[in-house]
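Each chain, letter by letter, is given below.
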Amino acid sequence: MPIASTSGSTGAMTSSGGTSTTSAPQTLVVPTTAVPTTDPGIPPAARVDSIEGGQEFVRYVIAQFNRSWTDADPTLLVPLCLPSSMTCAAYIGTAQDYRSRGLRYAGIPFDARTIVGLAWTPGHATVRARGSQPAGHVVDSNGSVVETVPESNGGLVFVLEFRAGWQVAELKADGMPS
């Protein structure tokens, strides 16, 4: 997943934190009433409190992140993240911005090449996802390109907590050479 910034950028983010366009800062309003507190689509393997369960959960989070930008649907990430995750909040904010402006991401926002469990104790896991953000575009409702996003490599370290299931507590940049 690209590394997000809370500096008000609405475009896709690269692992180095750069964007190709920016706009005025936004206020993040996370939907609360119409968004379920759990996601019934989480695969059974991702519901297990184990390092393997944490890895499967991260796979699912990445799939939902990609959908949240390609479908401009901020509600997909809300049940997967704790309020403490500022990076999740920024990803949700980008999806909200896309929806409000009639935009969507055309392409794959993050293509995970490896997902590796780094640490696990009951109720906590740390998982690294490395991959790339292939070149893509942000397009409007007519399919016209609003922003071009260059390819970038990088990754994230997911700090997970298991309560009634896994949730992202924190996301940290895990830069890797291009």
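Residues numbered from 1 in each chain as written. Predicted model: local features only at pLDDT ≥ 70, side-chain atom pairs only at ≥ 80, totals over all residues. Heavy atoms only, no water.

Student: So what's going on with the overall build of the protein chain? Residues and values would help.
Tutor: Counting secondary structure elements, the protein chain contains two helices and seven strands. When its helices and strands are written in sequence order, the protein chain yields α-α-β-β-β-β-β-β-β. Across the 178 residues that make up the protein chain, the buried fraction comes to 48%. Here the contacts in the protein chain between residues at least 6 apart in sequence split such that 60% fall between residues at least 24 apart. Only carbon and sulfur atoms are counted for the fraction: they give 55% of the accessible area of the protein chain, which is about 8,200 Å². (Helix = DSSP H or I, 4+ residues; strand = E, 2+ residues; numbered from the N terminus. Buried < 20%, exposed > 50% of the residue type's maximum accessible area, 1.4 Å probe, protein only. Contact = heavy atoms within 4.5 Å. Areas by Shrake-Rupley, 256 points an atom, 1.4 Å probe, with all protein chains shown as cover.)

Student: Lay out the environment of Gly136 with the relevant residues and their values.
Tutor: Considering the arrangement of structural elements, one finds Gly136 in strand β4 (residues 136–139). With a relative accessible area of 3%, Gly136 lands in the buried category. With residues near it in sequence (within four places) discarded, Gly136 still touches Tyr105, Ala106, Glu147, Thr148 and Val149.

Student: Could you give an account of the nonpolar core, naming the residues involved and the relevant values?
Tutor: Counting 34 residues, the largest nonpolar core has Phe57, Val58, Phe158, Leu160 and Val168 as its most contacted members. Secondary structure elements with two or more residues in this core: α1 (51–70), α2 (86–101), β3 (124–133), β6 (152–162) and β7 (166–173). Ranked by residue count, the leading element in this core is α1, at seven residues. Ignoring sequence-local partners within four residues, the contact set of Val58 consists of Ile115, Val127, Ala129, Phe158 and Leu160. (Core = buried A, V, L, I, M, F, W, Y, C linked by side-chain atoms within 4.5 Å.)

Student: Any details on the confidence of the model for the protein chain? Residues and values, ideally.
Tutor: Mean pLDDT for the protein chain: 84, with 77% of residues reaching 70 or above. Note on residues 3–36: pLDDT is under 50 here. Beyond four places in sequence and across chains, it has 74 contacts. (pLDDT = per-residue confidence, 0-100.)

Student: Give me the pairing of strand β2 (residues 111–121): which residues, what numbers.
Tutor: The pairing of β2 with β3 spans nine bridges and is classified as antiparallel. Following the sheet pairing, Gly117 is matched in β3 by Val127. Between the antiparallel neighbours β2 and β3 lie two residues, among them Gly123 with a positive phi of about 90 degrees. (Pairing = 2+ DSSP bridges.)

Student: Provide a residue-level description of the state of the cysteines, including the pertinent values.
Tutor: Under the defined criterion, the tally for this structure stands at one disulfide. Linked covalently through their sulfurs, Cys81 and Cys88 form a disulfide whose S-S length is 2.3 Å. Because the torsion about its S-S bond is -60 degrees, the bridge between Cys81 and Cys88 counts as left-handed. With respect to class, Cys81 is no different from Cys88; both count as buried. (Disulfide = S-S within 2.5 Å.)

Student: Run through the pattern of salt bridges, naming residues and quoting values.
Tutor: Summed over the entire model, instances satisfying the criterion amount to seven salt bridges. With a closest N to O distance of 2.9 Å, Arg101 and Asp97 form a salt bridge. A residue pair is termed a helical-turn pair when its members lie 3 or 4 positions apart in one helix, as Arg101 and Asp97 do in helix α2 at four residues. Because the salt bridges share partners, they merge into one network encompassing Arg128, Arg130 and Asp174. (Salt bridge = Lys/Arg side-chain N within 4 Å of Asp/Glu carboxyl O.)

Student: Can you break down unusual backbone geometry residue by residue, with the values?
Tutor: Unusually for a residue other than glycine, Ala72 sits at a positive phi of about 50 degrees. Within the fold, Ala72 resides in the loop between α1 and α2. Taking relative accessible area as the criterion, Ala72 reaches 6% and is therefore assigned buried.

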